[in-house]
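Fold and contact review
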Amino acid sequence: MEVSVIIQQIFVLFILALIGLIATRLNIIQRDIKTGLTKIIFNITLPFLIITQISSLEVDRDILLNWGMVILFAFLSIILFLQIGRLSYRLLRLPAQKAPIHVLHTAFGNAVFLGFPILDAIFPNGDGLLYGIIYFLTQNTMMWTLGIFIFTREDHKRKIDSLKNLLNPNTIAFLIGLAMLLLNIKIPGFMFETLQGLGKTTLYLAMLYIGAILADVNFKAIVRNKSTFVLSFNKLILGPLILMVILRYVLAFTPLSLNATAQTVVIIESAMPCMTLMVILARKFGKDDFYATQNLSISTLLSIVTLPLVFYLSQIIL
């Protein structure tokens, strides 16, 4: 696909985000509605998107192998980005209230709210979105284990409680979809179309939510914070470039294989702007949630330019 088409699709998505921003500024989307949007997405529309995408497949050895490889490379990419974040916060000498946010925002991206709409636009046949779901589930698992460990190094109770979050509507939906795939159970036609349509509203609701988040940001205060721009460079450009090189040489000099669509998905998902959930977690664990909001806002805006660039470079390097 031509880069110009990717740019066009990204601008379409940001038009949706702009609608969300304007609606928030006009007080149509209020705070309680914004909270409700996240609950609807994570508890209703996204689980049905996962179930319908996975259960509609035919069992294929190559698909299962590529799933395993996406999990492997998603895991490696997150570990790589964590190390970049650790090095970066030490060089910047960030205080304890910002350091874990800097590290985790470098590693974990907006796989659902921005990643899924973009993958759906780039790969309209659904393959890209399927691999994106696998990447998201891997990221979700690491976020609620390793991520929470970084947030709460000295709070054992919170570490144990965080593991309960691994059992959520999305992981349950994945297990249901996987069971249906392996047992060749299909959803009846009229019901499938209904549930699939409900699942695909995830993409529109997610972009409205991103617009609502951006509407609350004071950009004049953000531009003075250099660490946010350093993080954005690491997350959006440096990390994905290093991952491309690693991916190319691993696939060239080992027996491992990964199809072209899955490779692109891993790179695109790794290059997503900062994770939205981190703002909520920062507030929950007593860290600097304003800094988390800054990271989310700036990285999201810069991704309008960096995502087409990363896609273009991935086609050259890979």
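A brief structural summary. Keep in mind the model is a prediction, meaning the values are calculated, not measured. Positions within a chain are numbered from 1, following the residues in the order the chain's sequence is written. Given that this is a predicted model, residues contribute local features only at a pLDDT of at least 70 and side-chain atom pairs are listed and counted only at 80 or more, while totals for whole chains, interfaces and linings are drawn from all residues. Heavy atoms throughout the structure, all of them, feed into the side-chain values; hydrogens and water do not.

**Looking at the overall build of the chain**
Broken down by element type, the chain carries 14 helices and 0 strands. Helix and strand assignments follow DSSP, with helices taken as H or I runs no shorter than four residues and strands as E runs no shorter than two, numbered in order from the N terminus. Walking the chain from its N terminus toward its C terminus, one meets helices and strands in the order α-α-α-α-α-α-α-α-α-α-α-α-α-α. A globule of 318 residues ought to have a C-alpha radius of gyration of about 20 Å, and the chain, at 19 Å, matches this closely. C-alpha atoms of the chain, sized along the principal axes, occupy 55 × 50 × 45 Å. Buried, partly exposed and exposed residues are distinguished by accessible area as a fraction of the type maximum, computed with a 1.4 Å probe on protein chains only: under 20%, between the cut-offs, and over 50%, respectively. Counting across all 318 residues of the chain, residues that qualify as buried make up 53%. A contact between two residues is defined here by any heavy atoms of the two lying within 4.5 Å. Here the analysis covers contacts within the chain between residues at least 6 apart in sequence; of these, 85% occur between residues at least 24 apart. For the radius of gyration, the atom set is restricted to C-alpha positions; the globular benchmark scales as 2.2 Å times the number of residues to the power 0.38.

**Side note on the layout of surface pockets**
The distinction between a cavity and a pocket rests on a 1 Å grid over the protein atoms alone: a 1.4 Å probe fits inside a cavity but cannot get out, while a pocket stays open yet meets protein on both sides within 12 Å along at least five of seven lines, and a residue with an atom within 4 Å of a point counts as lining. Grid points are joined across faces, edges and corners, and a volume is the space filled by probe spheres set on the points. A volume near 1000 Å³ is recorded for the largest pocket. In terms of lining, the largest pocket is formed by 37 residues, of which the most central are Thr-38, Tyr-209, Thr-276, Leu-277 and Ile-280. Looking at the lining of the largest pocket, the element that brings in the most residues is helix α2 (residues 31-55), giving 7 residues. Gly falls in the polar group here, along with every residue not listed as nonpolar (Ala, Val, Leu, Ile, Met, Phe, Trp, Tyr, Cys, Pro) or charged (Asp, Glu, Lys, Arg). Of the residues contributing to the lining of the largest pocket, the split by class is 17 nonpolar, 13 polar and 7 charged.

**Re a nonpolar patch on the surface**
Only residues whose relative accessible area exceeds 30% and that form no salt bridge are eligible for patches; like-charged ones are grouped when within 9 Å, while nonpolar side chains (Val, Leu, Ile, Met, Phe, Trp, Tyr) are grouped when within 5 Å. Only the protein chains shown count as cover for residues, and all accessible areas are computed by the Shrake-Rupley method using a 1.4 Å probe. Think of a salt bridge as a Lys or Arg side-chain nitrogen and an Asp or Glu carboxyl oxygen that are within 4 Å of each other. On the surface, Leu-18, Ile-22, Leu-26 and Ile-28 cluster together into a nonpolar patch covering about 400 Å² of accessible area. Inspection of the secondary structure assignment puts Leu-26 in the loop between α1 (3-25) and α2.

**Describing the environment of Thr-171**
By secondary structure assignment, the location of Thr-171 is in helix α8 (residues 169-182). Residue classification places Thr-171 among the buried positions, given a relative accessible area of 16%. Separated by 47 residues in sequence, Thr-171 and Asn-218 have C-alpha atoms that sit 35 Å apart.

**Notes on unusual backbone geometry**
Here Asn-27, not a glycine, exhibits a phi torsion of approximately 65 degrees, which is positive. Within the secondary structure layout, Asn-27 lies in the loop between α1 and α2. Notably, Asn-184 is not glycine yet its phi reads approximately 60 degrees, a positive angle. By the secondary structure assignment, Asn-184 is in the loop between α8 and α9 (189-215).

Remember that the coordinates give geometry; whether it matters functionally is a separate question.
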